[in-house]
Amino acid sequence: FLCSRSRLCSARDLFATPTPQSFQVGINIIEAQKLVGVNINPFVVVKVGEEKRHTATQKSTNCPFYNEYFLFEFHEPRDILFHRLIEISVFHSKKIPFLGTCIGTFKMDVVTVYSQPDHRFFQKWAVISDPMDTRAGVKGFVKCNISVTARGEVVGSLPTSSSSQDEDIERNLLLPKRVPAERPWARVCIKLYRAEGLPSMSAGIMGGFSKIIGEKKVFIDPYVQVSFCGQQGETSVETNTTDPEWNEQISFIEMFPPLARKIKVQVLDDANVGDVAIATHYIDLQQISDSGRNGFNPTFGPAWVNLYGSPQNSALRDIHKDLNEGMGEGIFYRGRILMAITVEIFSSPSQPGEVTVEVEELHPLPENALGRKEEFLLFAAFFEATMMDSSLSSKPVSFEVSIGNYGKAEEVVTKVWRKMEKGEVKEEKQPLLDPGSDGELDVEVLAPASAALNKSVTNSQRPEPMEYDRSYSCLPMMHEKPCVYVWSYWEDHTWRLCISNWIVKLAERLEQGLDDVEKLMRRPKAKAEERLREVLEEFVAGCRQYLLSTERKTMAHPNNLDRCRMKYLMCNIILYAKQGLRMRRRLTRANVKEKVKETRRVLTKLRFMAKEPQCTLPDVLIWMLSNNRRVAYARVPAQNILYSVVEEEKGKDCAKIQTVFMKVPRLHTGEIFAKLEVYMWLGVTKYAKNCLAELPEEFKYLSESGQEIAQLSAYSPPSRLSRDDFSYFQLRAHLYQARGILPADDNGLSDPFARVVFSTHCQTTRMLEETLSPMWNELLLFDQLIVDGKKEELKTETPIIIINLFSHNKFGSPEFLGHAFAVPQVKLVDDPYTKPALQFFDFYKGTKAVGELIATFELMELDYSGYLEDVEPKEPDYLGDPHAGRFIIPEGIRPVLKEFRIEILFWGLRDLKRVNLFEVDQPQVIIECAGKKVESEVIVAYKENPNFTELVKYMDVDLPEQVYLHPPLSIFVVEKRAFGRTVLVGTHVVSDVMKFSPRELEEDPEDVPK
């Protein structure tokens, strides 16, 4: 069973902009052999991206020895670096320096190196060939090491090199696995037919030097530029149009299989001032080909490719213009382009003499080659908008839902630009939204003529602060849920997405099962092995069902890639089903861990297979408009909400209430800007009467004017849903402790507290001072909650709880340390009550896991008197002072504590490094566990005598009986400096205290050697 509402948000979904990282590309050119030529003076040029370096020149030799090392430093997002090419060329030096003649080159993109074991090639021979003379064959070999490392990665040790005398060059070529040593030449043709719906530029800004048509629109002069493997070609320019027709093909000659993975297709506007990218799309060769034995060469289309980029239509000062150049996730639809790709491989006599890029005319595609357009309805109902950034509190907020160009509010420029330099805004300190920052454009909603039927923007509402803790705001949607609906027209290729959905569901189920198994593996005596057996059985059954159904599936207007993919999916699903059976047979209690790892590998492959390269429907974009300015967005793939009559082919979130997190454009922090609960449905109009079928029964449908709609027809969806009767719930959040959290202060500790957000409520735990494993032991009680959705589905489709962790700051706002997501255990009125067990949840900040939370959550339905019948305890006990109004976790849930004594034997300290350029002279050791501390004496002169004189100390701590709940033991080394300052030298965390206990735990003395 797949959940939509309680699906936890994965960390990578929250990044609007990929974060730049520091990378080093190291290339060591060792020697060259068998270079072609007589009496040559060779030198090697190494080029990575735009940077070039070269070795010294060796005089008159065909096998020069260099051993020179070049380091290229990059600070940019991973994707951008990975598309860069590494070129190694050998030149023959003439009398005049740097006017060498090229003997030959070798090309490979960075991602190929990075995907090797240890991210490197070690002592391999690169094959040099001359692009100007393809028939001449190999021009020589260059022996090199290439490595790509990201900052903070551990670099493995290098193997010892063998002697180069008897080395077999042919066996050690610089090629990835499964690429043959002799690669034939091939022609890669990219066919560009036409585009439609490209954005038109706004006249106000470009007015001085551009052609103005009418008063509002300036049409663009688009052309397409295609780059592949370091070569690029361009189509001709079509003037004054947003729906250009090129009908041209660009062909590249390259060795096959190529050592670069992406083809970059960029639509540009040919302007007098310098060409501007309108949008960029990358096509991954791995997704449109299969290198297996029964595989197929790259092939694509003819199919429409959707383009995304920035929301603005002017070239000057567009703050999001990187998005149009393909950096990061596009946040706005910018038209689509019809294209195809074919590859032909040459046999040796027929191949062309030199590598050139050719542009040729093509016959246009016949009108209905891709089928005629069908009408689609997109319906969305907003159930909840909470955890909104408090910067929105004063202005009215509305939501816009669009698919393609349908449903977009027309924009008019009404604001003067404010100057903004890149360096001025510090990322961390600025609030998520300055009022009027960045010179964003205002949106005045003007309905275009076609929008007579559509209602794509909700009515605006003023946010209110959330209950209890007012640090976030929410929209009041208790009684009425706003709805939007948009009609759009696309070719009906939904069968591609249906097949993809089937595989996505296989993968999701497998992943949920594996997460269960991993949770069980953390506990002794849990039945992880049996659960894994069930998961594998379910997976194999799912594969069988898929195979049975696809045999009967008809494809409308399939192209070559569709037919090849169909076979490829069949073969691979059969293969994975067999692997699943084999793993289930060999599963024992001892090897659960490695079988989970193996299953994870199958899961990664499934996820990759499920991606449909020819996705015809564009993604749905939800924008939050505050005061008519675009502030935050969410991008929902169309296939996730696509309706199909067959249950398995439906999108996983179709007609379900799903949780959607909104994010701010160009933000690296990965913070959540707002949390929505939305019900969405997308499908062909003939199924439109099903769009409300899954809504809970207690809703009345209201039209725009507020009348109740008695008879629902496909062409008048409701504008609002209203309800009067509610069922009330109580949420109990038992927060026991967190551990391994981030240090926020200089002393290596934090002052942590947690904010728990559920629906429109938010509560805070107490703040604990100076600890990395805070033991709150606190129960937060949320009373009289209203939960939307069908009652009988609440157990599987449970609303999500977000736990935000902060460190208290004496001056200024608290520092964010990460968030965790949790799903509560649901108890309806008639269910018997069982006490929940504590569970583990991971904290994430960005994409990194930063500590874990031990807690459990219960959501219980109240009966009409607002009373809980059989729940123990009725009234929770106070934690400490009753006037503070804080509750302690009740007995059966709170772990039972036993007293332990930890004895520490202090010997001394060794090898302390400098701190802030000063030597460490008077260090002290502090050991903390379960809120108790032991301090060693201060060593007076570390230089002369680094040992302690007072050796034995001890502390008594209360630890839970269950070993897996034990808090970690933290060891800090600090230094006492002048004026009573302490500086942190370093820390170490021992996660398992029990490994220091003696075997027979009868007397429980503990001994920690240090």
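It should be emphasised that the depicted structure is a prediction, and the values quoted were computed from it without experimental measurement. (Residues numbered from 1 in each chain as written. Predicted model: local features only at pLDDT ≥ 70, side-chain atom pairs only at ≥ 80, totals over all residues. Heavy atoms only, no water.)

### Some words on the packing of helix α5 (residues 494–521) against helix α8 (residues 592–610)
Then comes step 1: For the pair α5 and α8, interaxial distance at closest approach is 9 Å and the crossing angle is 155 degrees. Regarding the angle of α5 to α8, the classification is roughly antiparallel. Along this stretch, α5 crosses α8, giving a crossing that reads as left-handed.
Then comes step 2: Grouping the constituent residues of the contact of α5 with α8 by class yields 14 nonpolar, two polar and seven charged. (Axes fitted to C-alpha atoms, helices over the stretch in contact; angles between N-to-C directions. Helix = DSSP H or I, 4+ residues; strand = E, 2+ residues; numbered from the N terminus. Parallel < 35°, antiparallel > 145°, perpendicular 65-115°, else oblique. Left-handed = near helix turned anticlockwise from the far one by under 90°. Nonpolar A, V, L, I, M, F, W, Y, C, P; charged D, E, K, R; others polar.)

### Observations concerning the sheet that holds strand β17 (residues 300–309)
Pairing between the strands of a sheet is mediated by backbone hydrogen bonds and can be parallel or antiparallel.
Then comes step 1: Reading across the sheet, the five strands line up as β17-β18-β9-β14-β19 and stay open at both edges, with antiparallel pairing between neighbours. In this open sheet, the two edge strands, each paired with only one partner strand, are β17 and β19 (358–361). Averaged over all neighbouring strand pairs, the angle between strand axes comes to 30 degrees, with direction disregarded.
Then comes step 2: Inspection of the sheet shows strand β9 (residues 185–196) paired to strand β14 (residues 245–255) by nine bridges, in the antiparallel sense. When the sheet's bridge partners are listed, W185 is paired in β14 with M255. (Pairing = 2+ DSSP bridges.)

### A word on the environment of L378
Then comes step 1: Within the secondary structure layout, L378 lies in strand β20 (residues 373–386).
Then comes step 2: For L378, a relative accessible area of 1% gives the class buried.
Then comes step 3: Note: C-alpha distance between L378 and S488 (110 residues apart in sequence) is 7.9 Å. (Buried < 20%, exposed > 50% of the residue type's maximum accessible area, 1.4 Å probe, protein only.)

### Regarding the pattern of salt bridges
Charged atoms that come close allow side chains of opposite charge to pair.
Then comes step 1: The final tally for this structure, using the stated rule, is 48 salt bridges.
Then comes step 2: Salt-bridge contacts for R336 lead to E196; the nearest nitrogen and oxygen are separated by 2.9 Å. Taken together, the residues span a long stretch of sequence, with R336 in strand β18 (residues 332–345) and E196 in strand β9 at a distance of 140 residues.
Then comes step 3: Measuring nitrogen to oxygen at the nearest pair gives 3.0 Å for the salt bridge that ties E975 to R977. Each member of the pair, E975 as well as R977, carries the same accessibility label: buried. (Salt bridge = Lys/Arg side-chain N within 4 Å of Asp/Glu carboxyl O.)

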